[in-house]
Amino acid sequence: MFCVVETENVFLKECMSANQEKRKIYIYGSGMSGQMVYHVLQSLGITIEGFCVDEQYWKPDMNCMGKPVSTFAEVKETAKSRGMTAIIVAFMSTHKKNFKSSEHLKVIEGDFCSLGASPSILEEGRIDREFVDRHIDAFCALYEILADETSRQCLNAYLNQKISGKLGYLDQLYGKEQYFEKGLVPLENVTCIVDCGAYDGDSYQDFCSSYKSHTGKEYQGMAFLLEPDKENFHKLQKRFGGQANIILEKKGAWHKKDTLWFEGDNMTASSISENGAISIEADSVDHIVSQQGKWADVDFIKMDIEGSELYALQGAASVIKACHPILAVCVYHKKDDLLTIPQYIRQLYKDYRLYLRAYTKYSQELVLYAIPHKV
């Protein structure tokens, strides 16, 4: 049965308590992930003293996001001199190798992704117990239409971990074959794939590898690879340019032909904004594939596009209604996606079988599969 038991985020609660007690909080790691943790905690009103790194990575006068970067020894010595315990936010357990909680250092660890790791989530708010309770009927309805027990377990685990920030709910559920899971996705029938959010071609390469593993043959069908970022598209061109069966489109998937503006440091950490400084060209899947005369042949669509999935599905409505392609759609970028995307897909074709699968032990990388009965 649908079962959400968690009520508060313990990861956030511990950070807030540390601030109230005026203990200094340091983020372990100063790379992209550490900076993302900083942005999220700062947006939630958590004051960060600085960052800390392993001694071999530290350099004199090192700073990150305008904050000092220290070694663990320095953090510990500073805390000791102040007679207080410093807090180390260690959001990835695999990183916690060279330090542990002690008299003057306390390591707090949890599911950082439960706080919201994308600009869209930071803007609209995270999934908490109030959100689930407010939409309890819709979540119960989603639970009932999911096609297997693993999907239902994923829904319960994902929501409980998202609410609580406690690691462990997804430990026994997450897999590795993201978008192309063996035993679930019938790749042997695919002759034309549309990859929305192709990045540098890694997901299409994974598809080709999975196809060969499933069928024993090399994939010879059509592929439309959509990637709006200039640098990533250049990598796509170097990797796949000149192959007759691969159409490269320097565009984002959207519900219509348009120019979109983003604000942020890069395309994977940006949000749509009228005041943005980064522009991309966008178009609908319906229009892109029709230009190549392949409109009726599409039988697989993958979408991982940073919160634009619902708009992209609207732009693929004609293809989905007519062809009933297999769909693999990320539903974790925006908190409403887990409800609105399954509902919209079933409006386009009511006989889709819907599955949920998780691909990390953290509360992100959640993929909704829509498998048509014909396959």
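Before reading on, note that the structure itself is shown above.
Residues numbered from 1 in each chain as written. Predicted model: local features only at pLDDT ≥ 70, side-chain atom pairs only at ≥ 80, totals over all residues. Heavy atoms only, no water.

Student: A description of the sheet that holds strand β2 (residues 50–53) should follow, citing residues and the corresponding values.
Tutor: Spatially, the six strands line up as an open sheet ordered β3-β4-β2-β1-β5-β6, and their pairing is mixed. Because the sheet does not close on itself, it has two edges, and the strands there are β3 (63–64) and β6 (105–108). Sheet strands in contact with helix α1 (residues 10–20) are β1 (25–28), β5 (86–89) and β6, and its direction is about 150° off that of β6. Set on the sheet, helix α3 (residues 72–82) makes contact with β1, β2, β4 (67–71), β5 and β6; between it and β4 the angle comes to about 100°. (Pairing = 2+ DSSP bridges. Helix = DSSP H or I, 4+ residues; strand = E, 2+ residues; numbered from the N terminus. Contact = heavy atoms within 4.5 Å. Axes fitted to C-alpha atoms, helices over the stretch in contact; angles between N-to-C directions.)

Student: Could you give an account of the packing of helix α6 (residues 136–145) against helix α7 (residues 149–164), naming the residues involved and the relevant values?
Tutor: As a packed pair, α6 and α7 sit with axes 8 Å apart at the nearest point and diverge in direction by 150°. By the angle between their axes, α6 is roughly antiparallel relative to α7. Of α7, the residues touching α6 (which contributes F139, L142 and Y143) are R152, L155, N156 and L159. Of the residues belonging to the contact of α6 with α7, the class tally is five nonpolar, one polar and one charged. (Parallel < 35°, antiparallel > 145°, perpendicular 65-115°, else oblique. Nonpolar A, V, L, I, M, F, W, Y, C, P; charged D, E, K, R; others polar.)

Student: Before we move on, can you summarise the pairing of strand β14 (residues 300–303) with the specific residues and values?
Tutor: Neither face of β14 is open: one carries F300 and K302, the other I301 and M303, and all of them are buried. In terms of strand pairing, strand β7 (residues 192–196) meets β14 through four bridges, oriented parallel. Paired with V194 across the strands is I301, a residue of β14. (Buried < 20%, exposed > 50% of the residue type's maximum accessible area, 1.4 Å probe, protein only.)

Student: Can you explain α1? Please cite residues and give values.
Tutor: Regarding α1, the residues found buried are F11, L12, C15, A18 and N19. Buried residues along α1 cover an arc of 125° about the axis, so they all sit on one side. Buried residues belonging to α1 abut β1, α2 (32–43), β5, β6 and α7. The N-capping residue of α1, defined by a side-chain oxygen 3.1 Å from the backbone nitrogen of F11, is N9. A positive backbone phi angle near 60° is found at K22, which sits one or two residues after α1. (Arc of directions from axis to C-beta. Polar contact = N/O pair within 3.5 Å; in protein donor to acceptor, adjacent residues only side chain to side chain.)

Student: I'd like a rundown of the sheet that holds strand β9 (residues 246–249), residues and numbers included.
Tutor: Across the sheet, seven strands lie side by side as β9-β8-β7-β14-β15-β17-β16; this open sheet has mixed pairing. The sheet is open, and its two edges are formed by β9 and β16 (353–358), each paired on a single side. This sheet shows a mean twist of 10° between the axes of neighbouring strands, independent of strand direction. Note: strand β8 (residues 222–226) against β9, four bridges, orientation parallel. Across the sheet, residue F224 finds its bridge partner in β9, namely I247. Sheet strands touched by helix α13 (residues 337–348): β15 (326–330), β16 and β17 (366–371). Its angle to β17, the strand with the most contacts, is close to 10°.

Student: Tell me what's going on with the pattern of salt bridges, and back it up with residues and numbers.
Tutor: Where charged atoms from two side chains of opposite charge approach closely, those side chains can pair. All told, the structure shown has 16 salt bridges when counted by the stated rule. K13 is the partner of E8 in a salt bridge, and the nearest nitrogen-oxygen pair spans 3.2 Å. As a salt-bridge pair, D283 and K251 come within 3.8 Å of each other at their nearest N and O atoms. Of this pair, D283 sits in strand β13 (residues 278–283) while K251 sits in the loop between β9 and β10 (252–253), and the two are 32 residues apart along the sequence. Classification of K251 by relative accessible area gives buried; the value is 16%. Connected through shared salt-bridge partners, D148, E181 and R357 make up one network. (Salt bridge = Lys/Arg side-chain N within 4 Å of Asp/Glu carboxyl O.)

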